[in-house]
Amino acid sequence: MIDVLGIATLAAVLLLGAILTLYNSRQAAALREMEQVLSDWYLMQVAERRERQRQAIHVDDPLAWLSRQAGVKVVSTERRLDQPPAASFLTDNATRLVVSPLPPERLKAALKPLEAKNGKVANLVNPLLGRSPRRVQVEERSILNAGEWFDVEAGQALKGLDLPWGEPKRLYFYRVPLAEKKA
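These remarks concern the structure in this document. (Residues numbered from 1 in each chain as written. Predicted model: local features only at pLDDT ≥ 70, side-chain atom pairs only at ≥ 80, totals over all residues. Heavy atoms only, no water.)

Structural notes on the overall build of the protein chain
The helix and strand tally for the protein chain stands at six helices and five strands. Going from N to C terminus, the protein chain has its helices and strands arranged as α-α-β-β-β-α-α-β-α-α-β. Compactness check: the protein chain gives a C-alpha radius of gyration of 29 Å against a globular reference of 16 Å for 183 residues, more than 25% above the reference. Overall, the C-alpha framework of the protein chain stretches about 110 × 45 × 25 Å when taken along its three principal axes. When the 183 residues of the protein chain are sorted by exposure, 31% land in the buried category. Long-range pairs, those at least 24 residues apart, make up 61% of the contacts in the protein chain between residues at least 6 apart in sequence. (Helix = DSSP H or I, 4+ residues; strand = E, 2+ residues; numbered from the N terminus. Rg over C-alpha atoms; globule rule 2.2 N^0.38 Å. Buried < 20%, exposed > 50% of the residue type's maximum accessible area, 1.4 Å probe, protein only. Contact = heavy atoms within 4.5 Å.)

Some details on the side chain of Ser 67
Among the secondary structure elements, Ser 67 is positioned in helix H2 (residues 62–70). The contacts of Ser 67, once residues within four sequence positions are left out, are Val 72, Lys 73 and Val 74.

Structural notes on the pattern of salt bridges
Any two side chains of opposite charge can pair, given that their charged atoms come close. Using the criterion set out here, one finds seven salt bridges in the structure. Here Arg 54 makes a salt bridge to Glu 51, at a shortest N to O gap of 3.5 Å. Note that Arg 54 and Glu 51 are positioned in helix H1 (residues 4–56) at a spacing of three residues, about one turn of the helix. Its salt-bridge partner being Arg 141, residue Glu 139 comes within 3.5 Å of it at the nearest N-O pair. For Arg 141, a relative accessible area of 14% gives the class buried. Each of Glu 51, Arg 54 and Glu 167 takes part in salt bridges that share partners, so that together they form one network. (Salt bridge = Lys/Arg side-chain N within 4 Å of Asp/Glu carboxyl O.)

Comments concerning the side chain of Ser 142
Relative to the elements of secondary structure, Ser 142 occurs in strand E4 (residues 137–142). Ser 142 gets classed as buried once you look at its relative accessible area, which sits at 5%. Aside from chain neighbours lying at most four places away, what touches Ser 142 is Gly 147, Phe 150, Lys 169 and Arg 170.

Digging into the sheet that holds strand E1 (residues 74–81)
Strand order in this open sheet of five strands is E1-E2-E3-E5-E4, and the pairing throughout is antiparallel. The open sheet has two edge strands with one neighbour each: E1 and E4. Each strand axis lies, on average, 25° off the axis of its neighbour in the sheet, ignoring direction. Across four bridges, the pairing between strand E2 (residues 86–91) and strand E3 (residues 95–100) is antiparallel. Counted as the bridge partner of Ala 87 is Val 99 from E3. (Pairing = 2+ DSSP bridges. Axes fitted to C-alpha atoms, helices over the stretch in contact; angles between N-to-C directions.)

A word on the pairing of strand E5 (residues 170–177)
Looking at chain direction, E3 and E5 are connected through six bridges and run antiparallel. Pairing of Ser 100 across the sheet is with Tyr 172, part of E5. The pairing of E4 with E5 spans six bridges and is classified as antiparallel. Within the sheet, the bridge partner assigned to Ser 142 lies in E5 and is Arg 170.

Have a look at this one:
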């Protein structure tokens, strides 16, 4: 004989499980939607605050800004490259400062064909990262270690230096020791 009470109980449990699953999925969808609304509101608040602050930020001396970021006094611009995006600056000590939005691996890979192309001319001009790339010290700067307004300040400083890199999220500072002349 079939146990009618057992089947009814099993059917009731399965029905209750289906109802709970349906309501839980609806509640999860409502919570996801609420999270999205709150996230959008927060991003809107941050965007408004950043826009107000953007108007208050002025980088009057781009070389002084670079000096603060690199921890070395930048004296003048030495050379600029469009492809890859990089600029070389002279400092007041025995180093050259190369600034680029490209990380070390990508910058070295982009420079390799350019410096190989020059052939004999390369002997007259120092490579951008020097003749011994292992001695180059690299420092990454971004909003994580240079302040909340790094990207805005960097954009203004780069614009003042005629470098069309926009507002980079990070910049890499390469300290290149100047090559000693052999007698």
